[in-house]
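One letter stands for each residue in the lines below.
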Amino acid sequence: MATVRTDQKQRALMRAVPESFSKALANYFGSGPTDIALARKQHAAYAQALLDSGLEVTILPADENHPDCIFVEDQAIVIDGHVLLPLPGHPSRVAEQPPIADFLSRQLNGFQVCGMFGDARMDGGDLLRLGNIFFVARSKRTNDAGIETLRSLLSHLGHELRIIDIPTEKALHLTSISSTPTDQVILTAEGFLSADDFGELPEGCRIIFLPEEEVYGCNTIGLGNGKVLVAKGYPTVLETIQELGLEPIVLDMSQIREADGSITCCTLFF
Ligand code: GLY
């Protein structure tokens, strides 16, 4: 059995699907959700999978004024007992943050919270962690000033930061095209990034490139107990997870995908 990451996978924060979800931003791989009842069913099955895996799950109420509110990953970055509240990169998503910030500050007694100011912008979905290395995308949502704020926090914590320019014409976030199902593996799809973009990896770590048509499936969540959440419909991803000695938990994400949402987008681990 491969060693899996154990950090940040005890408690999960999610947010319920609003009726307005059909108006969520959908400019990349989605065309806009059409079946809110099905989206809610899929979201509930996802939450249940986390509960069944032993996580404590909190689901904040939906916010009808913010169709994208289920995508909590973008709204806070939790690293080793510190919370960075980024300024989200799309104006329509900025006001999603206060309830999430309030919840985290109540839960994380003693955690350090820092914010982002001025022109700095970042979506949490642009951050990928492989052990002590953090990869951040320069994207349509994350800019250099945002990256500098993150850099200050990471240098304080002794972690390395690497910047990746993602192809913004076809990739929303770094996590739309990659994930780390374990602390040793980066999954990504051909046709977006090269191994050079990630730079030299620590011994024992590797990048696995999967077919371009399965890029959505490259977004997975390793729960740190050998189980990995994967999206339904991506056979090569599924096979790869099994070959790594991990147990896939397959989730139907079809309606969430229609809002440009991947598996990681729907949860904040803290
Ligand atoms: N619909 C997710 C986003 O664009 O942020």
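Summary of the structure given here. (Residues numbered from 1 in each chain as written. Predicted model: local features only at pLDDT ≥ 70, side-chain atom pairs only at ≥ 80, totals over all residues. Heavy atoms only, no water.)

Concerning the overall build of the protein chain
Basically, it comes down to this: Secondary structure follows DSSP: runs of H or I at least 4 residues long count as helices, runs of E at least 2 residues long count as strands, and numbering of each begins at the N terminus. We compute the radius of gyration over the C-alpha atoms and compare it with the globule rule, which gives 2.2 Å times the number of residues raised to the power 0.38. The buried label goes to any residue with under 20% of its type's maximum accessible area, the exposed label to any with over 50%, and the partly exposed label to all in between, with areas taken from a 1.4 Å probe on protein chains only. Contact criterion: two residues are considered in contact whenever any of their non-hydrogen atoms come within 4.5 Å of each other. The Shrake-Rupley method, run with a 1.4 Å probe, gives the accessible areas here. Residue values count only the displayed protein chains as cover. The charged-residue count follows a simple rule in which Lys and Arg add positive charge and Asp and Glu add negative charge, with His and chain termini not counted at all. A charge is said to be at NZ when it belongs to Lys, at CZ for Arg, at CG for Asp and at CD for Glu.
Scanning the protein chain from N- to C-terminus turns up 6 helices and 15 strands. In terms of overall size, the protein chain behaves like a compact globule, its C-alpha atoms giving a radius of gyration of 17 Å where 270 residues would be expected to give roughly 18 Å. Reported as C-alpha extents along the three principal axes, the dimensions of the protein chain are approximately 45 × 40 × 40 Å. Looking at the protein chain as a whole, 57% of its 270 residues are labelled buried. Across the protein chain, contacts joining residues at least 24 apart in sequence account for 69% of those joining residues at least 6 apart. Looking at the protein chain as shown, the accessible area adds up to about 10900 Å², and 49% of this sits on carbon and sulfur atoms. Charge centroids of the protein chain, computed over 21 positive and 36 negative side chains, lie 4 Å from each other.

Brief notes about the packing of aromatic side chains
Stated precisely, the cut-off is as follows: What counts as a ring pair is set by centres within 6.5 Å for rings of Phe, Tyr and Trp (its six-membered ring), and what kind of pair is set by the plane angle: stacked under 30 degrees, edge-to-face over 60, tilted for all other angles.
Under the defined criterion, the tally for this structure stands at 5 aromatic pairs. Between Phe21 and Phe71, the ring centres sit 6.1 Å apart and the planes meet at 55°, which makes this aromatic pair tilted. Highlighted residues: Phe21 in the loop between strand E1 (11–15) and helix H1 (36–52) and Phe71 in the loop between strand E2 (56–60) and strand E3 (77–79), separated in sequence by 50 residues. For the residue pair Phe21 and Phe71, the accessibility class agrees, reading buried in each case. Ring geometry for Tyr216 versus Tyr234: centroids 5.7 Å apart, planes at 45°, classification tilted. One end of the pair, Tyr216, is in the loop between strand E11 (206–210) and strand E12 (221–222); the other, Tyr234, is in the loop between strand E13 (227–231) and helix H5 (235–243), with 18 residues separating them in the sequence. Across the pair, Tyr234 and Tyr216 agree in class, each one buried. Connected via pairs of aromatic rings, a cluster forms that spans Phe29, Tyr216 and Tyr234.

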